[in-house]
Structure formats: C-alpha cells, structure tokens
Amino acid sequence: MKCRSSVFYSLYKTGFLRALTNRASGGVRYCILAYHGISRKPLSLFTSAPLFESHLRFFARWGVVTSMDEIAGYLRGERVLEGPNLRFVLTFDDGYANVVQNAAPLLRKHRQRGIVYLNPGLIEKTTIPWYFEITGTERPARENRRSLAEAGFGDYKVSGQAEGDAWPMRLIDDIIAKVPPEGFEPWWKETSARFNPPTGEISVEGGIATWEQLGTAGDVLNFGSHTYSHCILGLCRDEKYMRDQVVRSKAAIEVRLGVKCPHFAYPRGRETDYNGRTQQVLAAAGHETAVTTQSGLVAAGVNCWKIPRFCIGETPVYELAARISGVMGQWDGNVSKLRGLIRR
C-alpha cells in the first residue's frame with residue numbers, strides 16, 4: 001500500500017494526473033463525491049475537517065463545484081453554462097450534525113456548496129444511526145458486536161473476533177441481508193434494548209442534525225432524500241412499504257425545510273440496492289435523479305436513476321486525483337490480475 005500511495009503522490013505532484021484527466025475530457029464530465037460526515041478529526045465513515053478543506057481547494061484548482069440541479073438538466077439534454085469541463089458535486093449522506101457544524105462554514109469560506117441526503121425518520125428520533133452502536137473501539141460497541149456475533153450475525157469463526165472489528169462492515173452487511181427492511185425497526189429496538197449506550201467520539205460525531213440546524217445552512221446546502229428511515233429499497237419485498245419510504249421522506253423534507261426535493265440517494269447504493277421497481281417508485285414520487293455508490297464520472301447518456309459517485313472518507317487529495325483520472329482503477333486491476341497469475 002505504501003508503494004501504491006507513493007506512486008499516486010508522485011504522479012499528482014508532477015501534474016501527470018491532471019494532464020491525463022484533461023486529455024481524456026472530451027466535453028463536460030461530472031465528478032460526484034459521496035461524503036458522510038465532516039468530523040473534527042479522523043473517524044470511521046467521516047472525513048476530517050482539515051482534509052475536507054484541502055479537497056475544496058483541490059476542486060477549485062481542477063475544475064468548478066456545481067449542483068445536482070445542473071446534472072439533472074445536463075442528463076435531460078439541456079445546455080450547461082460555459083466553464084471548466086470537469087465539474088464537481090459534493091454530496092453528504094444521512095444528515096449528520098457535523099456537516100452543518102464543520103462543513104457549512106468551510107463551504108461558505110470557499111464559496112462552494114453541496115447537497116445533504118436526509119432520512120427524516122432519523123431526524124425525528126434524535127438518535128444516532130443503529131450501526132454506530134456497534135462501531136468503534138470503546139467497550140460498549142465491542143460488547144454489542146460480540147452479542148450480535150453470538151446470535152449468528154457476521155459469520156465470524158469465533159464470536160470474540162467481532163470485538164476487534166472496529167468498523168464491522170461484514171456484521172452490518174450480514175444484518176441487512178438477514179433482517180428484512182419492513183421489519184428492521186422493531187427487530188433492532190428489541191435487539192438493542194439490552195445494549196449499553198455508545199460512548200466516545202462516535203457518540204458525539206454520529207448525531208443527526210435537527211430540522212432547525214439544517215435550516216441554518218440553506219445558503220450552502222441543498223437537501224435531497226435518502227428514504228425515510230435509511231431503508232435499502234432494493235431489498236424490500238413489500239412495494240407499499242417501499243413507496244411509503246420514498247413518498248414520506250420527500251414530503252417531510254419539503255414541508256419541514258420549505259424546499260423542493262427532486263434528488264435522491266440510495267442507502268448503501270450497491271447494484272443490489274436498486275432495480276427497475278425502485279426507479280418506477282422514485283419517478284412516480286417526483287424525483288429527477290438518484291445517485292448510487294458505484295464509482296465513475298458522469299457523462300452524457302448516463303441513466304439518471306443510476307448516477308455514479310466516488311465514496312470519500314479520509315482520502316488524501318492525491319488519491320482522489322488518482323481515482324478521478326482512472327489511474328487508481330487501472331493500478332488495482334493490474335495488481336488483481338498479477339495476484340491471480342501468482343496463485344495459479
């Protein structure tokens with residue numbers, strides 16, 4: 001990994017990555033960044049505020065920051081304003097309070113803006129999302145993970161392995177796979193009743209913004225929907241429940257914030273998390289776009305219900321440049337092929 005990072009850093013500093021990106025342009029292209037929260041210091045799932053500010057400077061050097069409204073018009077075939085061919089859109093999933101507290105001031109400082117995809121059900125509960133109750137190195141989170149592992153989640157060889165799994169994606173994914181969305185809330189309420197409450201930094205940074213807090217940042221933030229309760233639509237078996245998650249969320253955002261809500265982000269956003277049914281429900285509800293977490297740039301002809309984004313965490317600028325230019329994908333693909341040959 002050190003060799004990989006060193007190569008990307010060198011290519012970035014020499015200007016090669018930017019030259020490669022400009023040469024491959026061929027017209028307007030959009031790079032959508034998928035952030036979650038902007039924390040005071042590095043933390044699971046989030047991006048630290050100092051690093052986020054370095055991203056904002058990078059966007060201004062390489063292109064311009066624009067909006068999902070512009071992308072929607074572009075994908076409809078409308079003419080876009082003159083400007084750099086590379087255009088960035090900053091998205092923030094889930095509606096964490098630290099986006100208002102830490103990202104909004106930096107967006108104002110650099111005269112840029114973004115869009116937050118909200119779960120109204122989480123706002124009205126005023127609790128941290130369920131997955132943060134099992135995330136981190138603090139004792140309550142470790143014990144909670146072990147309890148779930150002992151109940152058969154996560155496919156750990158021994159339940160004790162779960163304790164050391166600080167960001168337990170295998171556990172989270174297994175829970176999502178085994179517990180239907182329609183019954184998740186009552187199941188989690190019953191399951192987590194015996195858990196100790198989370199402690200440490202994650203219990204603070206994982207807080208969801210209130211409607212009032214969101215309203216103070218409308219000058220630099222637009223608002224979209226992320227379903228009512230962070231429901232993974234593609235896994236829904238009950239179409240009425242799916243429709244309710246979409247319609248109820250959009251309506252709550254428009255009423256509580258007094259804005260239109262034409263844009264949507266799929267929770268988790270993998271290929272299995274959306275399908276033809278979900279697209280029909282989104283269109284019927286009045287949405288115009290839906291973003292995924294599949295990596296890639298947005299160019300003419302992209303399906304407005306399957307728009308790609310680059311997922312961003314504590315990602316250095318030079319790695320971000322390597323992803324946008326396509327160098328990282330080529331590097332990782334070649335390494336994977338080489339490993340396959342070695343195993344033969």
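Details of the structure are given in the entry above.
Let us look at the structure shown here. Every chain begins its residue count from 1, and numbering advances along the sequence as written. With pLDDT at 70 or above as the cut-off, local features in this predicted model cover only qualifying residues; side-chain atom pairs require 80 or more to be listed or tallied, and sums for whole chains, interfaces and linings still use all residues. Neither water nor hydrogens contribute to the side-chain values; these are computed over all heavy atoms in the structure.

**Some points on the state of the cysteines**
Put simply, a disulfide is two cysteine sulfurs that come within 2.5 Å. Following the criterion strictly, the structure yields zero disulfides and no others. Free cysteine C31: the closest other cysteine sulfur is in C311, separated by 11 Å. Under the scheme applied here, a residue whose accessible area is under 20% of the maximum for its type counts as buried, over 50% as exposed, and between as partly exposed, the area being computed with a 1.4 Å probe on protein chains only. Assessed through its relative accessible area of 0%, C31 is described here as buried. The closest cysteine sulfur to the non-disulfide-bonded C304 is located on C261, 15 Å from its own sulfur.

**Describing the side chain of D173**
Only DSSP runs of H or I with at least four residues qualify as helices, and only runs of E with at least two residues qualify as strands; both kinds are numbered from the N terminus onward. Here D173 shows up in helix 8 (residues 169-178). Excluding its chain neighbours within four sequence positions, the residues that come into contact with D173 are R268 and R270. Throughout, a residue-residue contact means that at least one pair of heavy atoms, one from each residue, lies within 4.5 Å.

**Observations concerning the packing of helix 3 (residues 49-62) against helix 5 (residues 97-109)**
The geometry of a pair of packed helices is captured by two quantities: the angle between their axes and the separation between those axes. Across the interface, helix 3 lies against helix 5 with an axial gap of 10 Å and an inter-helix angle of 30°. Viewed along their axes, helix 3 and helix 5 adopt a mutual orientation that is roughly parallel. Seen from above, helix 3 lies across helix 5 with right-handed handedness. Residues A49, F52, E53 and L56 of helix 3 touch helix 5, and the partners they reach there are A103, L106, L107 and K109. The convention used is that axes are lines fitted to C-alpha atoms, helices contributing only their stretch in contact, and that angles between N-to-C directions extend from 0 to 180 degrees. Under this scheme an angle from 65 to 115 degrees is roughly perpendicular, one under 35 degrees roughly parallel, and one over 145 degrees roughly antiparallel; angles in between are oblique. When the near helix sits turned anticlockwise from the far one by under a right angle, the crossing is termed left-handed; a clockwise turn instead gives a right-handed crossing.

**Considerations on helix 12 (residues 239-257)**
Multiplying 1.5 Å by the residue count of a helix minus one yields the expected span of that helix. Across its 19 residues, helix 12 extends 27 Å between first and last C-alpha, which sits within 8% of the 27 Å expected from 1.5 Å per residue. Taken together, the buried positions of helix 12 are Y241, M242, Q245, V246, S249, K250, A252, I253 and L257. Taken around the axis of helix 12, the buried residues stretch over an arc of 160°, which confines them to a single face. Residues of helix 12 that are exposed and point over 90 degrees away from its buried face: K240 and V255. Looking at the packing, one finds that the buried side of helix 12 touches strand 6 (114-118), helix 6 (120-125), helix 9 (184-192), helix 11 (211-215), strand 7 (221-225) and helix 13 (276-285). Measuring from the backbone nitrogen of K240 back to the side-chain oxygen at the start of helix 12 gives 2.9 Å, which picks out D238 as the cap. Where helix 12 ends, the next residue or the one after it, G258, has phi of about 65°, a positive value. Think of the arc as the fan of directions from the helix axis to the C-beta atoms. Think of a polar contact as two N or O atoms within 3.5 Å of one another; within protein, one of them needs to be a possible hydrogen donor and the other a possible acceptor, and neighboring residues in sequence only count if both atoms come from side chains.

**Points about the pairing of strand 5 (residues 86-94)**
In terms of burial, strand 5 is a largely internal element, nine of the nine residues being buried. With helix 4 (residues 68-75) bridging strand 4 (residues 64-65) and its parallel neighbour strand 5, the resulting β-α-β unit is right-handed. Sheet topology places strand 5 next to strand 6; five bridges connect them, and they run parallel. Following the sheet pairing, L90 is matched in strand 6 by G114. Since strand 5 and strand 6 lie parallel, the crossover through helix 5 that links them has a hand, and here it is right-handed. With its strands directed away from the observer, a crossover is right-handed exactly when the path from the first strand over the helix to the second travels clockwise. Strands pair, by our definition, only if DSSP identifies at least two bridges between them.

**Thoughts on unusual backbone geometry**
With a phi angle near 90°, D94 is a residue other than glycine that sits in the positive phi range. As for its position among the elements, D94 is in strand 5. Relative accessible area serves as the criterion here: at 1%, D94 is assigned to the buried category. Within the chain, D155 stands out as a residue other than glycine whose phi angle is a positive 55°. Mapped onto the fold, D155 is located in the loop between helix 7 (139-150) and helix 8. For D155, a relative accessible area of 66% translates into the label exposed.

**Focus: the side chain of E53**
Within the fold, E53 resides in helix 3. Under the relative-accessibility criterion, E53 is labelled buried at 11%. Those residues in contact with E53 that sit more than four places away from it in its chain are L106, K109 and H110.

**Structural notes on the pairing of strand 1 (residues 29-35)**
With seven of seven residues buried, strand 1 lies mostly within the body of the structure. Here strand 1 runs beside strand 5; their pairing, made up of seven bridges, is parallel. Across the sheet, residue Y30 finds its bridge partner in strand 5, namely R87. As judged from the two bridges shared by strand 1 and strand 10 (residues 310-311), these two strands associate in the parallel manner. The residue bridging A34 from the neighbouring strand is C311, located in strand 10.

**Focus on helix 8**
Since the α-helix turns once every 3.6 residues, residues separated by three or four places project in the same direction. When we look at burial in helix 8, the residues that qualify are L171, I172, D173, D174, I175 and I176. Its buried side turned inward, helix 8 meets helix 7 and helix 9.

**Some remarks on the packing of helix 1 (residues 2-13) against helix 14 (residues 317-325)**
Packing of helix 1 against helix 14 leaves a shortest axis separation of 9 Å and a crossing angle of 80°. What the angle tells us is that helix 1 and helix 14 run roughly perpendicular. On helix 14, the residues touching R4, S5, F8, Y9 and Y12 of helix 1 are V317, Y318, E319, A321 and A322. Its residues assigned to classes, the contact of helix 1 with helix 14 shows seven nonpolar, one polar and two charged. The residue classification treats Ala, Val, Leu, Ile, Met, Phe, Trp, Tyr, Cys and Pro as nonpolar and Asp, Glu, Lys and Arg as charged. All others, Gly included, are polar.

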